[in-house]
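Architecture at a glance
Letter by letter, the chains look like this.
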Amino acid sequence: MDKRERYFWDLTGHLVLRQVLSPNEIKAANEAYEWYAKKVVDMSQDPGQRPGRPRIENGVVVRTSNQFPHFLQMEKPYCEPFRNMMAHPQIVSRLIEMCGRGFRLDHGPEIISHVQGMEGGSMHGAGHPHKPWVAYHNNGGRHWVGGVTVSWQLADQPEGAGGFSCVPASHKSRFPMPKGVAWREDDLGAVHQPICEAGDVVLFMDGAQTHGTMPWQAEHQRRAVLIKYTGRTCARQGPAKQYGAPEDHWNEEVVADMTPEESAVMWGPYSNHRGEVPFLTVAEDGTVGIEEGRA
Amino acid sequence: MNYKVHEVSAEEMYFFDLRGYLVIPNVLDQAEIDACNAALDAKMDEARTFDAGRLSRDSKALGGDSSRIELTGMLGWAPALRKPFRKLLVHPFVVSRLNEFSGKGFRLDHGPLLIRAKKGAEGHRFHGAGEPFDQATSYHQQNGKIYCRGITVAWQLADCNPGDGGFAIVPGSHKTVEATPEEVRTMEDDMGLVEQVPMKAGDLLFFAETATHGAVPWAADHDRRSVLYKYASRAAARTVGKRFTPQQRYGDWTHELTPEQQAVLYGPGVHHGGRLPKLDSDGETVWIEGDN
């Protein structure tokens with residue numbers, strides 16, 4: 001990571017690396033994806049149970065889930081393009097500085113493969129409210145961020161095509177994001193769509209930088225492989241969530257026969273809990289209980 | 001200060017944010033203190049004693065003729081012995097403060113841990129600070145809210161009077177962005193910044209792990225006894241859980257990956273006993289530190 005990249009990253013919250021993949025690597029990754037997409041579309045089982053948990057619209061896979069590392073597990077040679085991305089030297093050399101040594105793959109890969117006319121999504125993430133597990137910090141001439149998404153482009157994303165977009169510098173924002181920006185109904189001119197070619201890689205501060213997806217306008221299919229990394233001491237989802245329950249995180253004798261309140265503080269670390277982690281409350285008389293509606 | 005069990009006062013928020021620690025007096029009654037001490041006494045043969053010099057390193061100001069004695073594992077002891085420590089785990093004074101200091105969904109990262117010291121025991125070199133930044137325990141305050149990723153709750157089971165030694169801190173150091181002078185860490189010239197915090201048995205201490213803290217040599221006739229619970233905010237990890245390696249987290253298929261690819265699949269946490277292979281790269285190749 002050179003001085004120009006460091007300046008751009010600190011200033012904007014994202015970075016585009018040009019032509020990291022060769023034409024042959026792009027071709028291999030696209031072929032592996034097409035093999036996967038044809039296979040899952042042809043499957044008779046419930047889409048929710050198909051490998052990679054694809055979202056299929058009009059017979060086309062338009063997105064996969066980021067909860068499962070399916071693309072790393074596929075049979076050879078189809079897994080290989082994705083395995084080559086996970087610890088690619090161009091990425092490792094940046095993530096060591098962005099997230100710190102010992103950075104880790106938290107969840108993914110997932111693939112976004114929108115077709116022309118598909119809707120976008122709201123802008124999300126920002127410096128406010130503060131989220132410690134993905135937050136950006138800079139002092140003493142060094143910088144750290146809790147979460148970085150690495151997005152490998154397998155198709156061009158030309159100007160006006162839509163797709164990934166972001167609000168540069170929003171990782172340092174300390175005020176609530178206006179609704180007009182979140183839904184792009186009045187984005188104040190703050191939203192930016194980076195222009196990319198197949199083979200480029202976009203890195204952005206996931207959760208800290210405001211980002212989202214614009215409707216896909218191009219005739220060709222969008223193709224982006226997203227892998228989500230975190231700093232060594234941060235956990236968002238993936239196996240951290242899968243094995244987050246107290247009995248999965250601690251040795252048996254430590255959590256045996258705990259009360260629900262005791263057990264509530266023994267869950268493993270992860271941010272993407274959707275009600276399964278109990279929150280504790282304290283009544284005026286000092287009684288500790290579980291917050292209503294949480295586990 | 002006026003302490004309410006179920007809510008943190010504005011004065012407590014001010015003091016914790018300003019100083020990086022907070023003491024709430026008289027939280028435990030004598031029966032509760034006695035129950036903890038009796039359970040500890042019953043298991044004291046399992047304690048380990050550090051060699052003198054391990055914690056004070058080369059500091060003359062922190063040196064002593066013995067070191068601290070540690071005992072852990074309380075939550076997994078037999079029911080009668082673990083009971084007082086499980087009660088402390090989610091004590092209402094702890095829950096109400098941690099909901100504010102670390103956020104709802106806070107978690108126990110590691111501990112409890114008894115720190116015991118006999119008269120003449122060495123101190124502990126001062127560690128932690130706002131600079132260099134430590135993502136694991138960082139302190140942040142924004143728009144009226146506190147976000148303390150690593151916070152230690154220390155229950156006092158014996159008095160720490162002025163001059164006794166024990167826990168000490170550099171107030172305000174959780175926000176420093178300049179390097180801590182070595183002579184402050186060793187206390188050989190602490191610039192008048194180190195404060196030994198007087199406490200009584202039954203008092204409850206909270207401190208931000210990122211504040212510069214340590215221990216001064218124990219000078220009292222009675223033993224130091226403090227039990228520490230190390231909490232973290234919801235998505236922060238210092239100690240690794242039961243599933244740390246790629247195989248434990250993802251399955252045996254990960255054996256097919258190169259060592260460098262496997263290296264990014266380890267679980268979160270920094271207390272891994274040297275098991276984590278760390279990657280390095282020059283942008284053209286990737287290798288594991290120490291392998292080249």
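Residues numbered from 1 in each chain as written. Chains lettered and ligands numbered in written order. Predicted model: local features only at pLDDT ≥ 70, side-chain atom pairs only at ≥ 80, totals over all residues.

Assigned secondary structure in chain B consists of seven helices and 15 strands. Its C-alpha atoms give chain B a radius of gyration of 20 Å, near enough to 19 Å, the size a compact globule of 292 residues would have. Summarising its shape, the C-alpha atoms of chain B cover approximately 60 × 45 × 45 Å along the three principal directions. Expressed as a percentage of its 292 residues, the buried residues of chain B come to 47%. Nonlocal contacts in chain B, meaning residues at least 24 apart in sequence, comprise 81% of its contacts between residues at least 6 apart. (Helix = DSSP H or I, 4+ residues; strand = E, 2+ residues; numbered from the N terminus. Rg over C-alpha atoms; globule rule 2.2 N^0.38 Å. Buried ≥ 20, exposed ≤ 12 C-beta atoms within 10 Å, placed from the backbone. Contact = placed C-beta atoms within 7 Å.)

Turning to the domain arrangement of chain A, a few remarks are in order. The domain boundaries assigned to chain A delineate domain 1 (3-234) and domain 2 (243-290). With centres defined by C-alpha atoms, the gap from domain 1 of chain A to domain 2 of chain A works out at 32 Å. (Domains from an automatic or database assignment.)

To continue, consider the confidence of the model for chain B. Of the residues in chain B, 99% reach a pLDDT of 70 or more, and the chain-wide mean stands at 96. This prediction of the complex comes with two scores: 0.95 for pTM and 0.94 for ipTM. (pLDDT = per-residue confidence, 0-100.)

In terms of nonpolar packing, the biggest core is built from 138 residues, with Val148, Leu154 and Val225 of chain A together with Tyr21, Leu205 and Phe206 of chain B touching the most fellow members. For this core, the leading source of residues is helix 2 (residues 23-42) of chain A, giving six residues. Among residues more than four places away in sequence, those in contact with Val225 of chain A are Ala29, Phe82, Met85, Pro109, Ile111, Trp152 and Leu154 of chain A. (Core = buried A, V, L, I, M, F, W, Y, C linked by C-beta atoms within 7 Å.)

Here we take up the pairing of strand 7 (residues 142-145) of chain A. Residue and element names in this part refer to chain A. The pairing of strand 6 (residues 136-139) with strand 7 spans four bridges and is classified as antiparallel. When the sheet's bridge partners are listed, Asn138 is paired in strand 7 with His143. Count of turn residues in the strand 6/strand 7 antiparallel hairpin: two residues, of which Gly140 carries a positive phi of about 65 degrees. (Pairing = 2+ DSSP bridges.)

With that out of the way, let us pick up the sheet that holds strand 5 (residues 121-124) of chain A. Residues and elements named next belong to chain A. Across the sheet, which stays open at both edges, the three strands sit in the order 5-11-9 with antiparallel pairing between neighbours. The strands lining the two open edges of the sheet, one partner per strand, are strand 5 and strand 9 (163-166). Taken pair by pair, the neighbouring strands of this sheet meet at an average axis angle of 30 degrees, ignoring direction. Two strands pair when backbone bridges link them, and strand 9 and strand 11 (residues 211-214) are joined in this way by four bridges, in the antiparallel orientation. (Axes fitted to C-alpha atoms, helices over the stretch in contact; angles between N-to-C directions.)

A separate point is unusual backbone geometry. Cis geometry is found at the peptide bond from Gly108 of chain A to Pro109 of chain A, where omega equals 0 degrees. Mapped onto the elements of the fold, Pro109 of chain A is located in strand 4 (residues 104-112). With omega at 0 degrees, the peptide bond leading from Gly111 of chain B into Pro112 of chain B counts as cis. Within the element layout of this structure, Pro112 of chain B appears in strand 4 (residues 107-117).

Okay, the domain arrangement of chain B next. Split into domains, chain B comes out as domain 1 (10-232) and domain 2 (246-288). The C-alpha-based centres of domain 1 of chain B and domain 2 of chain B are spaced at 33 Å.

Here the focus is helix 3 (residues 79-89) of chain B. Looking only at helix 3 of chain B, the buried set comprises Arg82, Pro84, Phe85, Leu88 and Leu89 of chain B. Relative to the axis of helix 3 of chain B, the buried residues are bounded by an arc of 155 degrees and lie together on one face. Seen from the buried face of helix 3 of chain B, the exposed residues on the opposite side, beyond 90 degrees, are Pro79 and Ala80 of chain B. Elements that come into contact with the buried residues of helix 3 of chain B comprise helix 10 (260-264) of chain A together with helix 2 (30-43), strand 4, strand 8 (150-156) and strand 13 (224-232) of chain B. (Arc of directions from axis to C-beta.)

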